[in-house]
Amino acid sequence: MFDSIDSTKVETRRERVVPTKASRAMRLRPSRESASQERKDKRPQNDASAVLSNRMSAASAQQNRAAWFGEARDHLLLEIGSDVEICKRLLERLKETYGHVAYAEGQLWHYAATHWEAFPEHKLRALVQEFDGARYPTPSGSVAWIKLGKGKINSILHELLKSCSEPGFFDARAIGINCASGFIQFGEKGTPTLRPHSPEHRARHTLCGHWKPGRSIRLPPKSLLRKLLDGVFKGDPDRSEKVQLLAEICGVAALGHATKLLQPRSVILYGPLAENGKGQILDLVRGLLPEAAVCSVPPAIMSDERHIIALAGKLLNATDELSAAAVASDRFKSVVTGDPVPGRDVYKSRIEFRPMAQHVFAANALPPFIGGMDRGVQRRLCVVPFNRIIPVTERIEGIGKLVGQREPDLLLAWAIDGASRALREGVFTTPSSCRQTLREWIFAADPVAAWIEERVKVEADGDVRKGIKTRDAYTEFRSWAAAEGFKTLPEVNGFVQRVLSAGRGIEHRRSGKEGRRFIGMRIRHKEDI
């Protein structure tokens, strides 16, 4: 019975042992070699093209760094690692790459082919950031690394700008228009001459138009510029004078010479009705100049340092509409005449600069002036009336912008002719309608000036006894102003100051018996007029 049992089955039965916990754990735990191999097998394989792309990007970045810092980061081996040392290294690299650099009017400038350009702040910060990780030896003999943050970057830039400071760098700019053909320089009599571009001209903008000496300035009848000018001033008795004035405005703006005329003027394109073309003329003046040369700062906010800084380096300040808000007369006069004014960008230091922009505003209503319109303000204004509503059949959509886009050479030649005339005469051409419109505005904005014009006769007699008492004159003025509809009237002291500033030869004296009196003033009543 037992002999019939297979021996192999017996051996199998004998080796079947009940497993213990330890043996079971050893069987489940993989070896170190197999676990390492398993992790390698599970690791994702990089695509060959992605690897190549990453290597190329790294090589490109290395080339960019090499172009600035040399062939290796060893260029960034510093001696002491101070902000001043980094500033000097950065300035050396700037001069090697860009040549002369100058800090003026709140910006760092370099010459770029045809004109001076300002470094954007983000670019300057990026150049400083390249020094992050630069090495320098410590006194103990070890090596330390530069770690840049916002404060350190600001400190380095502050030292850089101070070391390049040239406050009057653009004050010595040549009188001329920088265009695509070259620099058009003007002689003493306003004669234009074409010169090659040069950094010595100190030009900050380049007009896109081309110009050749001796070119005819006659406007072709079918040109867009001719159609625009004919359309807005058609039927005006002083049409030709208005066209000359607009050419002078464009030319003086392109010159950057507005504040250096014998009588600088801010120009207001005025038309109480819509569709009279004043907006198209404003677009025409804008289209002559590059976008970077134009800003829009309404007079009502010129007293704010954060807004007035936008005028720095600009050739034209143009706004589509003139706000009815009161104008700060003192700041307005300083801006128009180019007197130094303070300004600041947000979070930046305050700077002082000389505005040079020609101011051109378009208005449906002429705003009042705080404290009345004194003679200094009057001399700085030129109001151009637009009397004609353009018929629908004559309108060309966006014609003002189209002139600058399609006829830049013709527009430039027309502006050069105006610039020559303005330089030769020293003042703008003033059409009769412009003088009359300004006169009406003065009287509407200043009740004292209007009262003097209508009711006061000046007599050259210094006898105090023949003068009129201040209180009596003021009573007559208030009575007349109320009847004319003026609501905001000055007090008696302000009234006296405005009478004296009118420049009519009237004096104001005080005597013991007679009290305060106006000398040389005689009031005319209705029956005397």
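Higher on the page you've got the structure.
Residues numbered from 1 in each chain as written. Predicted model: local features only at pLDDT ≥ 70, side-chain atom pairs only at ≥ 80, totals over all residues. Heavy atoms only, no water.

Draft legend 1. Representation of the nonpolar core. If you look at the biggest cluster of nonpolar residues, it comprises 60 residues, and the most contacted ones within it are Ile177, Ile281, Leu288, Leu289, Val384 and Trp414. Look past the residues within four positions of Leu289 in its chain and what remains in contact with it is Leu207, Ala253, Ala254, Val294, Leu315 and Leu316. Core analysis: the next-biggest nonpolar cluster, separate from the first, contains 26 residues, Ile308, Leu311, Val341 and Val383 among them. (Core = buried A, V, L, I, M, F, W, Y, C linked by side-chain atoms within 4.5 Å. Buried < 20%, exposed > 50% of the residue type's maximum accessible area, 1.4 Å probe, protein only. Contact = heavy atoms within 4.5 Å.)

Draft legend 2. A look at the packing of aromatic side chains. One pass over the structure, following the stated rule, counts 13 aromatic pairs. Both rings, one in Phe169 and one in Phe170, keep their centres 5.0 Å apart while their planes meet at 85°; by these two values the pair is edge-to-face. As far as burial versus exposure is concerned, Phe169 and Phe170 are alike and both buried. Ring plane angle 75° and centroid distance 5.8 Å describe the contact between Trp451 and Phe477, whose orientation is recorded as edge-to-face. Of this pair, Trp451 sits in helix 17 (residues 447-455) while Phe477 sits in helix 18 (residues 470-484), placing them 26 residues apart in sequence. You'll find Trp451 and Phe477 in the same group, each marked buried. An aromatic cluster is built from Trp109, Tyr111, Trp116, Phe169 and Phe170, whose rings are joined through pairwise contacts. The lysine or arginine in question, Arg204, covers the ring of Trp109, its NZ or CZ lying 5.4 Å from the ring centre. (Phe/Tyr/Trp six-rings, centres within 6.5 Å; stacked < 30°, edge-to-face > 60°. Helix = DSSP H or I, 4+ residues; strand = E, 2+ residues; numbered from the N terminus. Lys NZ or Arg CZ within 6 Å of the ring centre and 35° of its normal.)

Draft legend 3. Focus on the pattern of salt bridges. Scanning the entire structure with this criterion turns up 17 salt bridges. Between Glu96 and Arg93 there is a salt bridge whose closest N-O contact spans 2.8 Å. Here Arg93 and Glu96 lie together in helix 5 (residues 83-98), a separation of three residues that amounts to about one turn. For Lys242, the salt bridge goes to Asp236, with nearest N and O atoms at 2.9 Å. Like Lys242, the residue Asp236 is buried in the burial classification. Each member of the salt-bridge network shares a partner with another, and the members are Arg226, Asp230 and Arg239. (Salt bridge = Lys/Arg side-chain N within 4 Å of Asp/Glu carboxyl O.)

Draft legend 4. Quick peek at the environment of Lys487. Within the fold, Lys487 resides in the loop between helix 18 and helix 19 (492-501). Along the sequence, Lys487 and Pro447 sit 40 residues apart, while their C-alpha atoms lie 9.4 Å from each other.

Draft legend 5. The sheet that holds strand 7 (residues 182-186), seen in detail. Across the sheet, which stays open at both edges, the three strands sit in the order 6-7-8 with antiparallel pairing between neighbours. On the outer flanks of this sheet lie strand 6 (176-179) and strand 8 (192-195), each paired with one strand and no other. Adjacent strand axes in the sheet meet at a mean angle of 20°, parallel and antiparallel pairs treated alike. Of the strand pairs in this sheet, strand 7 and strand 8 are connected by four bridges, and their pairing is antiparallel. Considered in strand 8, the bridge of Ile184 is made with Leu194. Together, strand 6 and strand 7 form the strand contacts of helix 9 (residues 239-255), whose direction differs from that of strand 6 by roughly 80°. On the sheet, helix 15 (residues 408-425) packs against strand 6, strand 7 and strand 8 and is oriented at approximately 25° with respect to strand 7. (Pairing = 2+ DSSP bridges. Axes fitted to C-alpha atoms, helices over the stretch in contact; angles between N-to-C directions.)

Draft legend 6. Layout of the sheet that holds strand 9 (residues 266-270). Pairing within the open sheet is parallel, and its five strands lie in the order 10-11-14-9-15. The sheet is open, and its two edges are formed by strand 10 (294-295) and strand 15 (381-385), each paired on a single side. By the bridge criterion, five bridges tie strand 9 to strand 15 in an arrangement that is parallel. Within strand 15, the residue paired with Ile268 across the bridge is Val383. Lying over the sheet, helix 9 contacts strand 9, strand 14 (358-363) and strand 15, oriented at roughly 130° with respect to strand 14. Contacts between helix 16 (residues 432-445) and the sheet are confined to strand 9 and strand 15, with strand 15 contributing the most and set at about 110° to the helix.

Draft legend 7. Quick peek at unusual backbone geometry. Its identity is not glycine, yet Ala113 carries a phi of approximately 70°, on the positive side. As for its position among the elements, Ala113 is in the loop between strand 2 (107-112) and strand 3 (115-118). Phi at Glu275 is positive, roughly 60°, even though this residue is not glycine. Relative to the helices and strands, Glu275 is located in the loop between strand 9 and helix 10 (278-288). On the basis of relative accessible area, Glu275 is assigned to the partly exposed category, the value being 47%.

Draft legend 8. Up close: the packing of helix 9 against helix 15. For the pair helix 9 and helix 15, interaxial distance at closest approach is 7 Å and the crossing angle is 90°. Judged by the angle between their axes, helix 9 and helix 15 are roughly perpendicular. Where helix 9 approaches helix 15, its residues Val243, Gln244, Leu246, Ala247, Glu248, Cys250, Gly251, Val252 and Leu255 are matched on the opposing element by Trp414, Ala415, Gly418, Ala419, Arg421, Ala422 and Leu423. Of the residues assigned to the contact of helix 9 with helix 15, the class counts are 11 nonpolar, three polar and two charged. (Parallel < 35°, antiparallel > 145°, perpendicular 65-115°, else oblique. Nonpolar A, V, L, I, M, F, W, Y, C, P; charged D, E, K, R; others polar.)

Draft legend 9. Here's a closer look at the packing of helix 8 (residues 224-233) against helix 9. Two numbers describe how helix 8 lies on helix 9: the axes approach to 10 Å, and their chain directions differ by 130°. As judged from the angle between their axes, helix 8 and helix 9 are oblique. Like other packed secondary-structure pairs, helix 8 and helix 9 cross with a definite hand, here right-handed. In this structure, helix 8 uses Arg226, Leu229, Asp230 and Phe233 to contact helix 9, whose residues at the interface are Arg239, Lys242, Val243 and Leu246. Counted by class, the contact of helix 8 with helix 9 contains four nonpolar, no polar and four charged residues. (Left-handed = near helix turned anticlockwise from the far one by under 90°.)

Draft legend 10. Representation of the state of the cysteines. Inspection of every chain in the model, using the stated rule, returns zero disulfides. Cysteine Cys164 shares no disulfide, and the gap to the nearest cysteine sulfur, in Cys87, comes to 7.1 Å. (Disulfide = S-S within 2.5 Å.)

Draft legend 11. Layout of the side chain of Glu105. Within the secondary structure layout, Glu105 lies in the loop between strand 1 (101-104) and strand 2. Residue classification places Glu105 among the buried residues on the basis of a relative accessible area of 16%. A distance of 2.8 Å separates polar atoms of two side chains, one belonging to Glu105 and the other to Arg204. The residues touching Glu105, leaving out its near neighbours within four places in the chain, are Arg204, Ala312, Gly313, Ile351, Phe353 and Arg354. (Polar contact = N/O pair within 3.5 Å; in protein donor to acceptor, adjacent residues only side chain to side chain.)

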